Structures are given as structure tokens and as C-alpha cells.
Amino acid sequence: MTESTLPEPALPSVYDPAAVEAPLYEGWVERGYFEADEKSDKPPYCIVIPPPNVTGSLHLGHAFEHTLIDALVRRRRMQGYEALWMPGMDHAGIATQNVVERELAKDGVSRHDLGREAFVEKVWEWKAESGGRILAQMRRLGDGVAWSRERFTMDDGLSRAVQTIFKRLYDDELIYRAERIINWCVRCHTALSDIEVEHSDDDGELVSIRYSDDVVVATTRAETMLGDTAVAVHPDDERYKHLIGTEVELPLTGRRIPIVGDPHVDPAFGTGMVKVTPAHDPNDFEIGRRHDLPMLTIMDERGVITAHGPFQGLDRFEARPAVVAALRAEGRIVSEKRPYVHAVGHCSRCKTVVEPRLSLQWWVRVGPLAKASGDAVRDGRVAIHPKSMESRWFGWVDDMHDWCISRQLWWGHRIPVWYGPAGEVVCVGPDDDVPTGEGWVQDEDVLDTWFSSALWPFSTLGWPDETPALEKFYPNQVLVTGYDILFFWVARMMMFGLYAHAGAGPEKAIPFHTIALHGMVRDERGKKMSKSFGNAVDPLDWMDAYGSDALRFTLARGANPGADVPIGEDWVQASRNFCNKLWNATRFALISGARVGELPPSEELTAADRWILSRLNTVLAEVDAQFEDYQFAKLSDTLYHFAWDEFCDWYVELAKTQLGGDAAENTRLVLGHVLDRLLRVLHPVTPFVTEALWTTLTGQESLVVASWPAADAARHDPAAEATVGELQRLVTEVRRFRSDQGLKPGQKVPARVTGGAAEHEAAFRSLTRLTAPEDGFAATAQVVVGAVTVELDLSGAVDVEAERKRLGKDLANERKALEQALRKLGNEQFLAKAPESEVDKVRGRRTAAEAEIARLEAQLAGLPQGAS
RNA sequence: GGGCGCAUAGCUCAGCGGUAGAGCACUGGUCUUACAAACCAGGGGUCGCAGGUUCGAACCCUGCUGCGCCCA
């Protein structure tokens, strides 16, 4: 049986991802592998995609998240679950409206020129033409989503879900309309919820203004003084107590405003007196409410001052220095601190400084909903992975503020509330008649995008209709998302999921059983990726250069639970190399005639065969446990080491000697068996290369629908592992000797082996290039490992100094080990208190070290003196 | 200002009570008939600092310093 008669398989010697990936993906889709059947008897496994933004394109954060989700879903599909990964996008109200308005602006057209209806029509046109680029990019990544079920938050069905839940919440008085201070973006011209505001420490100024001889206040927003309607002090502040109830004249305006006592004031900050601008500051608003103060709005929606003589028409940032200058002219500026670093809120969409503003908006009363969300985690119905993130969750849901849900936009779900001519307010459900007649108008605002995203785990499955898909796949099994949006949509999905399904009972109401949180993708130095910083990477570039599997494997390998993931090009390259390694290992196996078939009984297998099968069994069990615990980094690492360090570096090398002998046929079966299982378990993370190799190896249709390999405990073989472990130590020692001696890797050296190792002597000699002793064999050096002694004939050309150095190093290590052991054994406390097993271990270490030291000293003494 | 987290090899990270690990990078040697995107061998860490608990601490506790994140 000579291998040369076997045909060379049709695999080139280098893996070329570009040639493989696209056709494979299209084939999977065509054959419907990613579609799910809600009528199936299989247990359900459903994950909904965290909906990417319709304006977005694939970035590394998506690639990361999708890699994890895809791996989970693919594994469950292989395990026989009815696996469904729901794809889709959200309509991203502000972002999308901004994009389309920018487009229109190029032609000098504003949305107001078009009017609401025509503008929304334009947005739909834009969506059809340019939106959703990310969906095509997901195919490159290999995302196994059920394309036939793709959803969009503005679709009819999902819009109906939005209207349904709005009506229910409204009727339950969990939605209300109220005038409050909101975060106003003067550029986007809309309200923002608290979490759409990003705070940063910015340079500003702190100006202290004398309102009167007794009253000095400090502010970072001097222009707001125009809207002051009071000055507040702490009611117990002895310095100012007597002023409470008096009035002071507000400079520049001539208005007289009261001095009030309010416990909110911090007497230790500044002068202990604060100006109160109820219409332009959330804290001042509360003070204003408590003291029934007038609420004076001094800016319009663009942030332009609306009154007050000389300041009228100035932008807020122009008004600020102008007001300060005017006050200075009156000698009222006590001090100015500049720069003064303080926290400033910015619109998360456009980064414009947010203006707190009194405004009439719609709100969700989150109290009972947030409590239910906290309870679902508290009582274990919903698990958060990693558990350490739970405190973050409780910290948020247990102290959640009411959610501002109205947005002054045109793109989105319009609030289903109608106002009648006589002040009537009617909330309209999806099947209700819209009020008609003179004077009835619908609310102008639309809902926050997150309001519809919050329904995503069930609106995508058909809710509010009781569809078979909903019955089968709700609750979802897992939600995979970044810890940074735990509050954005996880909290909201929990609130709405639990509320909408409350009637189904606590177990069925939850939107998902598990929340698996991942971190942020960072660059190779751990820095946050951002366009402005210039370190953002387009994942498409890396997929082009190294293949999708390489990118996926790199991301999975970096995914420690809840932790951020640094990624650099070097690492993607390393993953590409790993894929190439798999490619070539399979290529070798095929050239060698490997095949998948029934394994012979253990008795007929060599120690090497039994060892790799034993290791495979262990690795399969480990990977299963790691998958169940969302330990993507660990499972990737486990597979990387098994594939490369154990299978390729040892088993394949050992197989080469076996293939030339009686065990050849068994070896082919073992090679095929291990490779088959290895490719299967790697498939969820690196679907493309494994598919290409596995179909070639097995001749079967696809790995996507192949079964998941189960660990087989019967293969566990400690004896074989011990045998091969000895062989590995022996081979490594001889190689070290050869390297230290400066022997060329290919150079054959005659050697005599005594003291064991008979079983694998052929393998040993092959791996170390040692030939059988010939006539006139004269040992000039020896390598000893345990009971085995290898005597080598270097034809007298021994580098004695190198040998002395090598043995000296070993000796030093052994002496150190002995010293440590003796120190412990000399400690009576250790002997008395440490567990017996621990003491025994140290005793064993001492005995072994003593023996090695004696041997090494003798060997050193036997070396020729002075020669080199 | 409040809360949370992290400081381990040149870099990025595992380990979380019993002789310090990985990947990449680095050094030396090899085109050894699957793979030079590879193979073989090697060097490299008083586990941020200071105390404490323990027979024993990278690992538990306290404080400090430096970073990061979230919230105000």
C-alpha cells in the first residue's frame, strides 16, 4: 500500500478564503438551512438580532456580536434544535431623518418644503435604495439568519404592535403626557431621552454674579440668568436664613425675584446661593415646582434667545459672553474662572450640546415595569451572563426615571393620539376608528425608536397576533448584546416583554431566558475604536485580506465574558494561519487516504491512536461546557491547541510512521475520525473553511446540518495519555540536545535506546532523526528522561561546553525545586496543617529532584575536562 | 461628586489559595516529501505599591497610587 498511488485531492496547498466563501454562503441560503419551521417537533432555539440601524454599515462591533450569535445558533442547529436567528433592522428615527435631510439639503430643499407626507415618502425611497447595506455585509460574515423572516420596525406588522402596546399602556395609565424639563437637541430639533445624552468633561467658565449686596450666585451658563425666577439658599443656612422671603432685583431685566429656602441647595458649594431657572434646568425645575415659581422660557427651539432686548436673536453661545459683558459693565461680575471643567451633555447622534428645556412630552411611567424587570432577574427567570453584570442591571432598573418617548421628528411611529376641538384626547388602537370631523388633529410627534425596538423579541414573531411562530419561539432563548446597551434596549425589551405577555404567566412572559453580554471591540492597544481617533477598522477589509473565518475566529478567541475585545491585524493574520493549518492538515489526511468509518476496537489501536482519541473526547466535553457558559475565548483556545499542538504537531507526525506499516488502515480511520469531529466542533466559529474541508473529507452535503459530535467517555484512556506524554518528553529532550549541540535538523545520528520506550521506538527515532546503532557504535553523549536513556554517537564531535551548559541548567532547576521542597518540608506548621495529599506531593517532588541531581552531577562529572 | 471595574512576560489577555500560562512579538537553527501563512529549539515576569489573614497568597481582606467605564 503505497500512498503515491492515491490520487492527489483537489485541494491547493494554500487556503484561499475568497475562492470558497461566497459560493458556500449562497448555497446554504438556497438550500434553506437557516430557515426555521415553527411546526417542527424539535426544541426551539431563537435569538433575535439586535437590530442594526437602517443607515448603518457593518463595523467590528457587529462582526463581533454576530460571530457569537452565529456560533451559538449554528451549534444548536447541529444539536438538533429548531434554530432561528431572526434578522432585521430598526428605523433609527433621528439618524435616518438626518441622512435624508442632508440629501435633500444638497438640492436646497428642507423637509418643511416637502411637507410631512412627501418627506416620509422620500425616506422610504431612500431606505429602498441605500438603506440596509449592512444586510449584504452580514452575508460576507456568514451570518446564518432566516432571511425569509426579515423584519423592519416600520413594517405594517411591527407598527401594529407599536400601536397596540401604546394603547394598552395608555389605558393602564402607564403612558402620560406632561410638561417637564427634557434634553433638547437644538440641531436635531427634538427631545432626547436621558440615555441618548452623553456627558463629557468640557472646558467652560464659572462666573460669579452679584445680584445685590447680599446675593452672589455662580453659573456656567450665564445667559440663563435672563430666565431666573428666584434665588435659592438652604433653609438651615445661618448666613442667609434671614434673606428667605425677601426679594432681589434681577440685573439686566429689572424684574424682582424672591429668595426661597430649599433643601436641595448645597450650602458648601460656591456661595451657597443658587440662581433658579426653572424652564432651563432640571434641578431648578424641581425647585420651581416646590415653590410655585414662574417658568420662563428664554430660548426657542434653535437655542436662540427670544426676548430681553439686546440679547434677542443671539444664539445661546453668543448670548453667554454678551450677558457677562453687560453684567461686567454694571460691575456685577465678582469672579470668573476660565477654563472651568464641568460635565456637559451632548446629543448622542450629532454631539451638539444639549439644552435642558421645558417642554410638553409623552412619557412612560416605568415604576411597575422596571420593578418587574428587576424581579425577573432576581427570581432567576432571566439569567445574566456574566453574573457580575447583574449589579449593573439592578443599579439601573431599581432607579429608573420615567422615559420620554416622544420625538419631534417625522420619521417614525406617529403617536396614536387625537385631540378634539373641545379639548378631547383620544388614544386610538390599531382596530379603532380614527376620530373624524372638524377640528380633530393627530399628535404631531413620533415615538422613540427604542419604543418599537423594545417589542422586537415578539413583534418580529407576529405579535400582537397569536401566531405559531410566537408560540414556538417566544420567549427567545438568549439575547446577545453589548453591556453598553443594557439600558438602551435590554431594559426596554424586558419591560415591554413582561408587560405584553403578563397574561401568559411569569415563565412565558419573559422576552428571553438568558442575557449574554459582551464587551466593546478595541484596537490592538486596548483603545476604543472611533472614526475621529483614526483607529477604526472596516471589517470588510480584513475579511478581504484574511477571510471571514479568520476575522470570526479572532473575535471569538478574544471574547472573554463581559470583557472588551482588543483586536489587531496581527491577530487576524494569526487566525488566517490557523485556518491554513487546518486546510493543510486535512490535505495531508486526504493525501494519506484518511476516511471516515467505523473505528476499530481499542485493542487494535496504537498508543498514539488511543491518545488522540482520548484527548478528542476530553476536548469535546470541554468545548461543550464552555459553549454552555458562553466562554467563547476559552472554547476557541481549547480548539486551537487541540488542532494545532496535539493533532497537527504530534498525532499527524506520529501517523506518518504508522502509515508506512501494518497500522496504516487504522491510522487512516483515526485521522478521518478526529478530523471529522474537529471540523464539526470548529464549524460554529469558522463555518467556511470547515465546510469546504469537511465536505471534501466526507463527501457529504453540508456541515451546517450535520450533527454535533458528542464526547465519548469510553475513549478516555489515561494509560495512552501517559505513554504519549513520556514519548513527548523524550522527543523534546532529544531535540533540545540536538539544538544545543548545533546539529542540523535533518542530520541523522546513530543512537541506542535503553530502559523502555520499546512500544514507540520507531516513532521516537523518526521524530528525532535517530538511526539504529551501527558497527563501531561509540556513545559520546547521553540524554536521560525518567527510566529511558538515549546514548548518541556524535562521532566524537561533541560540543562539551554546550553540553555542560545544558546539564548545568537542568541541575540548577532541580536544585531550585529541591530547595523549595525542603523549605516546605522543614516547616512544622506545613506538615501539621497542610492536607496530607499536599505534603505527599512535596515529598514526591523532593525525591524526584534528589534523584535528578545525583544523575546530573554524575553526568557532568563524566564529561571530558577542558575540551570544547 | 457617587458607583463599578481593572492593574500578571515587550504587546493583548487567561489564571483567582498549593512548583507562574497562552497568543502575538523576540532570539537561534531549518525549504525534514500537509503547511516557510510552516517546522524545531530557546530567552523573557520579585503577578502596581504597602500592610494584614493563612502552614502557604498573583489569587482572600484593608489602605494607597495609576488607569478605565457608568451615573450625576
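Quick caveat, the model's predicted, so the values are computed rather than measured.

Caption draft 1: Region of the structure containing the overall build of chain A. If you tally the helices and strands in chain A, you get 28 helices and 29 strands. Taking the principal axes of its C-alpha atoms as reference, chain A extends roughly 115 × 65 × 55 Å. For chain A, contacts bridging at least 24 residues in sequence account for 76% of all contacts bridging at least 6.

Caption draft 2: Just the environment of L669, in detail. Tracing the sequence through the fold places L669 in helix α22 (residues 664-682). With 20 C-beta atoms packed within 10 Å, L669 lands in the buried category. Separated by 14 residues in sequence, L669 and A655 place their C-alpha atoms 11 Å apart. Beyond its immediate stretch of four places on either side in the chain, L669 contacts R595, G597, L599 and P600.

Caption draft 3: Highlighting helix α18 (residues 548-557). Counting buried positions along α18 gives 10 out of 10 residues, so the element sits mostly inside the fold. Along α18, the positions that sit buried rather than exposed are S548, D549, A550, L551, R552, F553, T554, L555, A556 and R557.

Caption draft 4: Focus on unusual backbone geometry. Of note, the bond from H385 into P386 is cis; its omega dihedral lies within 30 degrees of zero at -10 degrees. Assignment of secondary structure puts P386 in the loop between β15 (383-385) and α11 (390-397). At the junction of W463 and P464, the peptide bond is cis and its omega measures out at 15 degrees in the coordinates. A positive phi is found at L252, a non-glycine position, where the angle reads about 70 degrees. Position of L252 among the secondary structure elements: in the loop between β10 (247-249) and β11 (256-261). Accessibility expressed as a C-beta count within 10 Å gives 19 for L252, which makes it partly exposed.

Caption draft 5: Main features of helix α24 (residues 718-740). Its 23 residues give α24 an end-to-end C-alpha distance of 32 Å, which sits within 8% of 33 Å, the value for a rise of 1.5 Å per residue. Against α20 (607-628), α25 (761-768), β27 (770-771), β28 (781-785), β29 (788-792) and α26 (800-825) lie the buried residues of α24. The first or second residue beyond α24 is G742, which carries a positive phi of 75 degrees.

Caption draft 6: Local environment of the protein's contact with RNA strand B. What surrounds RNA strand B is a group of 49 residues, the closest being N577, N584, F588, P745 and Q829. For the surface near RNA strand B, the secondary structure elements donating two or more residues are α19 (569-591), α21 (632-658), α24, α26, α27 (828-833) and α28 (836-861). The element best represented in the surface near RNA strand B is α19, accounting for 11 residues. For the surface near RNA strand B, the class distribution of residues is 17 nonpolar, 14 polar and 18 charged.

Caption draft 7: A look at the confidence of the model for chain A. For chain A, the average pLDDT comes to 90, and 98% of its residues sit at 70 or higher. Every residue in residues 1-8 is under pLDDT 50, and counting partners more than four places away or in other chains gives 8 contacts. Both scores are available for the predicted complex, with the pTM at 0.90 and the ipTM at 0.96.

Caption draft 8: Structural detail: the UniProt feature "short sequence motif: 'HIGH' region" (unreviewed entry) in chain A. Under the feature "short sequence motif: 'HIGH' region" (unreviewed entry), the UniProt entry names residues 52-62. With 27% helix and 0% strand, residues 52-62 has its two end C-alpha atoms placed 8 Å apart.

Caption draft 9: Region of the structure containing the sheet that holds strand β23 (residues 512-518). Spatial strand order, β15-β23-β22: 3 strands in an open sheet with parallel pairing. Of all the strands in the sheet, the pair left with one neighbour each is β15 and β22 (476-482). Recorded for the sheet is a direction-independent mean angle of 20 degrees between the axes of neighbouring strands. Strand contacts of helix α2 (residues 60-78): β22 and β23, with the helix running at about 160 degrees to β22, the strand carrying the most contacts.

Caption draft 10: Spatial organisation of the pairing of β22. Counting buried positions along β22 gives 5 out of 7 residues, so the element sits mostly inside the fold. Strand direction decides the pairing type here: β22 and β23, joined by 6 bridges, are parallel. Note on β23: the bridge partner recorded for G482 is H518.

Caption draft 11: Layout of the sheet that holds β27. In space, the 4 strands of this open sheet follow the order β27-β26-β29-β28, with mixed pairing throughout. Strands at the two margins of the open sheet, each flanked by one partner only, are β27 and β28. Of the pairings in the sheet, the one linking β28 to β29 comprises 5 bridges and is antiparallel in character. Looking at β29, one finds that V784 is bridged to T789.

Caption draft 12: Layout of the UniProt feature "coiled-coil region" (unreviewed entry) in chain A. In the UniProt entry, the feature "coiled-coil region" (unreviewed entry) is given for residues 804-859. Here residues 804-859 is 93% helix and 0% strand, with 9 Å between the C-alpha atoms at its ends.

Caption draft 13: The domain arrangement of chain A, seen in detail. Annotation of chain A at the domain level lists domain 1 (3-12 + 566-716), domain 2 (32-161 + 451-518), domain 3 (185-356) and domain 4 (725-861). Those elements that provide at least two residues to the side of domain 2 that touches domain 3 are α3 (93-106) and α15 (486-500). The element best represented in the side of domain 2 that touches domain 3 is α3, accounting for 3 residues. Tallied by class, the residues present in the side of domain 2 that touches domain 3 amount to 4 nonpolar, 1 polar and no charged.

Caption draft 14: Region of interest: the environment of A817. For A817, the position within the fold is in helix α26. Taking the C-beta count within 10 Å as the criterion, A817 has 17 such neighbours and is therefore assigned partly exposed. Taking the C-alpha atoms as reference, A817 lies 7.5 Å from R846; in sequence the two are 29 residues apart. Ignoring any residue separated from it by four or fewer positions in sequence, one finds A817 in contact with R845 and A849.

Caption draft 15: Inspection of the pairing of strand β26 (residues 749-754) at higher detail. Side chains of β26 alternate between two faces, with V749, A751 and V753 buried and P750, R752 and T754 left unburied. Relative to β27, β26 runs parallel, the two sharing 2 bridges. Bridge pairing in β27 links P750 to T771. Note: β26 against β29, 4 bridges, orientation antiparallel. Across the sheet, residue T754 finds its bridge partner in β29, namely T789.

Caption draft 16: Broad picture of the packing of α24 against α25. As a packed pair, α24 and α25 sit with axes 10 Å apart at the nearest point and diverge in direction by 30 degrees. Considering the angle they form, α24 stands roughly parallel to α25. Handedness of the crossing formed by α24 with α25: right-handed. Between α24 and α25, the residues in contact are L727, L730, V731, V734 and R735 and A763, F764, L767 and T768, respectively.

Caption draft 17: Broad picture of the environment of R381. Locating R381 in the fold gives a position in the loop between α10 (367-378) and β15. On the basis of neighbour counts, which here come to 16 C-beta atoms within 10 Å, the residue R381 falls in the partly exposed class. C-alpha of R381 to C-alpha of H346: the two residues are 35 residues apart in sequence and 37 Å apart in space. Among all residues touching R381, those that are not within four sequence positions of it are A376, P506, E507 and I510.

Caption draft 18: Structural context of the packing of α20 against α22. Put simply, α20 and α22 touch, their axes get as near as 11 Å, and they point 10 degrees apart. Comparing their axes, α22 and α20 come out roughly parallel. Where α20 crosses over α22, the two elements pack in a sense that is left-handed. Where α20 abuts α22, its residues D609, I612, L613, L616, L620 and V623 lie against N666, T667, V670, V674, R677 and V681. Residue composition of the contact of α20 with α22, grouped by class: 8 nonpolar, 2 polar and 2 charged.

Calculation notes
- Residues numbered from 1 in each chain as written.
- Chains lettered and ligands numbered in written order.
- Predicted model: local features only at pLDDT ≥ 70, side-chain atom pairs only at ≥ 80, totals over all residues.
- Helix = DSSP H or I, 4+ residues; strand = E, 2+ residues; numbered from the N terminus.
- Contact = placed C-beta atoms within 7 Å.
- Buried ≥ 20, exposed ≤ 12 C-beta atoms within 10 Å, placed from the backbone.
- Expected span 1.5 Å × (residues − 1).
- Near = placed C-beta within 6 Å.
- Nonpolar A, V, L, I, M, F, W, Y, C, P; charged D, E, K, R; others polar.
- pLDDT = per-residue confidence, 0-100.
- UniProt positions renumbered as here; feature names shortened; annotations may be inferred.
- Pairing = 2+ DSSP bridges.
- Axes fitted to C-alpha atoms, helices over the stretch in contact; angles between N-to-C directions.
- Domains from an automatic or database assignment.
- Parallel < 35°, antiparallel > 145°, perpendicular 65-115°, else oblique.
- Left-handed = near helix turned anticlockwise from the far one by under 90°.

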